[in-house]
Amino acid sequence: MSISSSPPSAAHGRSSAGLDVSAAFATTLDTPEHVRIAEELGFRRAWLYDTPQQSPDVWMCLALAAERTHRIGLGPGVLVPALRNPMVNASGAAALERLAPGRVAVAFGTGYTGRRAMGQQPVSWAYLSRYVATFRALLRGETAEWEGSPLRMLHTAASLPSTPGSIPVYIGAIGPKGMEIAASLGDGLFVAGGGVPGRAKSFEKVLYLAVGSVLDDGEALSSERLRTAAGPGLAQVFHFSYELGGEEAVKALPGGPEWLAVVQDTPEAQRHLAVHNGHLLHLNDADTAAWNAGAHTLVEHVTLTGTAGDVLTKVQDLAANGVTEIVFQPAGDIRRELEAFADAVGIRR
């Protein structure tokens, strides 16, 4: 049985900067209520992270959000293919679409953080391509092949999307190979920070995930409120620098040596646990050490943080570079962060 629902209108969640405004959440059991608040404030969509190493099941929380809302778009962003057989994600997407008709979208990525946080490498682009093609074929009602065997959704009609193939699929990518796959397999591009790729304007839909916070009047960058609100986003600079560039890359950052000193207290075989603990939810011990040692001075440069005017300018710049949907992830006091961002970009109803 579907829940009373209406798809987002073209005007819903539209910023004064000319792009759609959505929210993202590091999934917790409180997230369904946070999605309800986002709908109340006028956000177009809510994307929930697929992070089972620290979060409850993303499909479960999306279903709970569907029960509390009527208009806001819903979807997992981004799904990590290696965590589930494609039939599991196809079944989850189909059920969510029946609960929230016309409101569902799905995004996939190679699982850089989701895999690293469990001590694994991201999946290959070839694997992701096969996975997404299989996922889409299943939702169209086709027989597909996975791991050498044919499979097809054998659900009753009441559990399948009312319109086969109606769920948009976005691909998380930045590099050339990922961009090619996004262009051939997806309905748009999902960019998780790191700047807007040069090819973004060639895509009809470009979603850009951003973290940060709107500053209070006269607020210092070292404030405790900002630490909890923007600190988790800032910490990703240390996590990615460590994963991609090693110790030397981290040492070059303000607070880098202090961050490394904490991480290196953990045995190497378990170090990924120390690095990714609290991912986009809160600062772990290493992140806190870095913040206190001066990392907070980076927050305006590497996150979507600033005065309301500064934040709007940054969003306008993203729109000028081809972004069609800004996806803002709050942390700390979630209602306060959603309200402040909605006001800054002009969507609050």
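Residues numbered from 1 in each chain as written. Predicted model: local features only at pLDDT ≥ 70, side-chain atom pairs only at ≥ 80, totals over all residues. Heavy atoms only, no water.

K.L.:
For this particular structure, what's the right way to read the overall build of the protein chain?
P.N.:
Looking only at helices and strands, one finds 13 helices and ten strands in the protein chain. Scaling as 2.2 N^0.38, a compact globule of 349 residues should have a C-alpha radius of gyration of about 20 Å, and the protein chain matches this with 20 Å. Principal-axis analysis of the C-alpha atoms gives the protein chain an extent of 55 × 50 × 35 Å. Here the contacts in the protein chain between residues at least 6 apart in sequence split such that 69% fall between residues at least 24 apart. Taken as a whole, the protein chain presents about 14,100 Å² of accessible surface, with 52% of it coming from carbon and sulfur. Here the protein chain contributes 28 positive and 35 negative side-chain charges, whose respective centroids are spaced 8 Å apart. (Helix = DSSP H or I, 4+ residues; strand = E, 2+ residues; numbered from the N terminus. Rg over C-alpha atoms; globule rule 2.2 N^0.38 Å. Contact = heavy atoms within 4.5 Å. Areas by Shrake-Rupley, 256 points an atom, 1.4 Å probe, with all protein chains shown as cover. Lys, Arg positive; Asp, Glu negative; His and termini not counted. Charge placed at Lys NZ, Arg CZ, Asp CG, Glu CD.)

K.L.:
Teacher, can you tell me more about the pairing of strand β9 (residues 206–211) here?
P.N.:
Both faces of the sheet carry side chains from a regular strand, because those side chains alternate between them. Burial analysis of β9 places six of its six residues in the buried class, which makes it a mostly covered element. Side chains Val206, Tyr208 and Ala210 of β9 all project onto a buried face; the interleaved residues Leu207, Leu209 and Val211 project onto the opposite face, where all are buried too. Looking at chain direction, strand β8 (residues 188–192) and β9 are connected through four bridges and run parallel. Note that in β9 the partner of valine 191 across the bridge is tyrosine 208. Direction of pairing for β9 relative to strand β10 (residues 325–329): parallel, over a ladder of five bridges. Each bridged residue has a counterpart across the sheet, and for alanine 210 the counterpart in β10 is phenylalanine 328. (Buried < 20%, exposed > 50% of the residue type's maximum accessible area, 1.4 Å probe, protein only. Pairing = 2+ DSSP bridges.)

K.L.:
Explanation requested: the nonpolar core in the structure shown.
P.N.:
Side chains of nonpolar character tend, in soluble globular proteins, to be buried together. Ranked by internal contacts, the top residues of the largest apolar core, which has 73 residues, are Phe25, Phe43, Leu74, Phe108, Ile326, Leu338 and Phe341. Each residue touching phenylalanine 25, except ones within four places of it in the same chain, is listed here: Thr31, His34, Val35, Ala38, Ala46, Trp47, Leu48, Tyr49, Gln329, Pro330, Ile334 and Leu338. Core analysis: the next-biggest nonpolar cluster, separate from the first, contains 20 residues, Leu234, Leu253, Ala286 and Val299 among them. (Core = buried A, V, L, I, M, F, W, Y, C linked by side-chain atoms within 4.5 Å.)

K.L.:
For this particular structure, what's the right way to read the pattern of salt bridges?
P.N.:
In a structure, side chains of opposite charge can pair up when their charged atoms sit close to one another. Taken as a whole and judged by the stated rule, the model has 19 salt bridges. In this structure, glutamate 33 engages arginine 68 in a salt bridge whose closest nitrogen and oxygen atoms are separated by 2.8 Å. Residue glutamate 33 is found in helix α1 (residues 31–41), and its partner arginine 68 is found in helix α2 (residues 58–68); the two are separated by 35 residues along the sequence. Note on glutamate 33: relative accessible area 27%, which makes it partly exposed. Residue classification places arginine 68 among the partly exposed residues on the basis of a relative accessible area of 43%. With a shortest N-O distance of 2.7 Å, aspartate 216 and arginine 336 are connected by a salt bridge. One end of the pair, aspartate 216, is in the loop between β9 and α7 (224–251); the other, arginine 336, is in helix α13 (residues 334–345), and 120 residues separate them in sequence. Looking at aspartate 216, the relative accessible area reads 39%, which means it is partly exposed. Here the residues in one salt-bridge network are Glu33, Arg36, Glu40, Arg68, Arg335 and Glu339, joined through shared partners. (Salt bridge = Lys/Arg side-chain N within 4 Å of Asp/Glu carboxyl O.)

By themselves, these are just geometric observations and shouldn't be taken as functional.
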